[in-house]
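Single-letter residue listing:
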Amino acid sequence: MILKDRVIIVTGAGRGIGAAIARVAGREGATVIVNYGSSKEKAEAVAAEIVAQGGKAEAMHADVRSAESVQQMVESVVAKYGRIDGVVNNAIGGTQMTPVATATLEDYTNAFDFGCIAVINMVKAVRPVFNQQGGGRIVNIVTELWNKAPAQWTVYMAGKGAMVGISRSLACELGVENITVNMVAPGWMVDEKVDTASEGSKGYAASVPLKRQGSAEEIGNGCAFFLSDYAGFVTGTYLPVCGGNVTQVGV
């Protein structure tokens, strides 16, 4: 229970990797704010699942691209729970893989909104809370593709590349306030959307040094470490959780 009594916000936690991160945080003792933008029913189901397993959780709406919406969520969390100990910036949406010839300006703007603006909105909202408490934890979900940069991923990389850059700078800027900023870089992880019997999934698993496709919960494990006391002297770090596809620091 390495997150016992902590209050953690996980953005975009109604499904996929975000839901898995929320479940792990709940399992490790945190009160989990399951943030959602549009997937209300799914977020409520994730929160209910955490509670059913003996944890504490609440689904809460905020469009993370809106500073006002994020501020309202943070104020609601503090009013109800008295504190915020950590944030996992995971939310993403829109087109991710597309050739540059067919990608639109809107695609890139949306990627940047989630990869940069949403993170800054959250940092600005929680920073005064962290300062009042004497510190806090920020974890940003980036990607192993930052190291690989394959063709047709310019939209996705526009957002995640921005997230990597601002994470590194924020770690230096906020360290003096005892606020850590770290990154977890998933590979292609198994969640409810992945058909592990497909040829693509099996081929990916065979290409990974550990010879399996990781689970979304394993991303949650990495986040739990960064959110815990075990990572009290760790900041600015890029942690690939991809079975060995990335074997060096990716920044």
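Here, the structure is the one placed above.
Residues numbered from 1 in each chain as written. Predicted model: local features only at pLDDT ≥ 70, side-chain atom pairs only at ≥ 80, totals over all residues. Heavy atoms only, no water.

Novice: Talk me through the packing of aromatic side chains; I want residue IDs and the actual numbers.
Specialist: Aromatic ring pairs are reported here in terms of the distance separating the ring centres and the angle at which the planes meet. Tallying each qualifying case throughout the model produces 3 aromatic pairs. Arranged with centres 5.5 Å apart and planes meeting at 65°, the rings of W188 and Y204 form a pair that is edge-to-face. With W188 in the loop between β6 (179–186) and α7 (199–207) and Y204 in helix α7, this residue pair connects regions lying 16 residues apart in the sequence. Given a relative accessible area of 35%, W188 falls into the partly exposed group. For the pair F225 and F226, a centre-to-centre distance of 5.3 Å together with 50° between the ring planes defines the contact as tilted. Of the residues examined, F225 reaches a relative accessible area of 34% and is grouped as partly exposed. (Phe/Tyr/Trp six-rings, centres within 6.5 Å; stacked < 30°, edge-to-face > 60°. Helix = DSSP H or I, 4+ residues; strand = E, 2+ residues; numbered from the N terminus. Buried < 20%, exposed > 50% of the residue type's maximum accessible area, 1.4 Å probe, protein only.)

Novice: I'd love a proper account of the pattern of salt bridges, names of residues and values included.
Specialist: Here the structure, examined in full by the defined rule, presents 11 salt bridges. The salt bridge involving D63 is made with R65; its shortest N-O contact spans 3.1 Å. On the accessibility criterion, D63 (27% relative accessible area) is partly exposed. Take R65: its relative accessible area is 36%, and that puts it in the partly exposed class. Each of the salt bridges in this network shares a partner with another, and the network as a whole consists of R23, E49 and E217. (Salt bridge = Lys/Arg side-chain N within 4 Å of Asp/Glu carboxyl O.)

Novice: Quick one: what's the story with helix α3 (residues 67–81), residue by residue and with numbers?
Specialist: With 15 residues, α3 extends 21 Å from end C-alpha to end C-alpha; this agrees with the ideal 21 Å at 1.5 Å per step. Looking only at α3, the buried set comprises S69, V70, M73, V74 and V77. Along α3, the residues classed as buried sweep out an arc of 135° about the axis, all on the same side. Residues of α3 that are exposed and point more than 90 degrees away from the buried face comprise E68 and A79. (Expected span 1.5 Å × (residues − 1). Arc of directions from axis to C-beta.)

Novice: Please provide a residue-by-residue account of the sheet that holds strand β4 (residues 86–89), values included.
Specialist: Spatially, 7 strands are ordered β3-β2-β1-β4-β5-β6-β7 in an open sheet, and the strand pairing comes out parallel. Because the sheet does not close on itself, it has two edges, and the strands there are β3 (56–61) and β7 (238–241). Pairs of neighbouring strands in the sheet enclose a mean axial angle of 20°, with direction left out of account. As paired strands, β4 and strand β5 (residues 136–141) are joined by 4 bridges and run parallel to one another. Looking at the pairing, V87 lines up with I138 of β5. Relative to β6, helix α6 (residues 154–174) is tilted by about 155°, and along the sheet it contacts β4, β5 and β6. Along the sheet, helix α8 (residues 216–227) contacts β1 (7–10), β4, β5, β6 and β7; its crossing angle with β6, the most-contacted strand, is approximately 165°. (Pairing = 2+ DSSP bridges. Axes fitted to C-alpha atoms, helices over the stretch in contact; angles between N-to-C directions. Contact = heavy atoms within 4.5 Å.)

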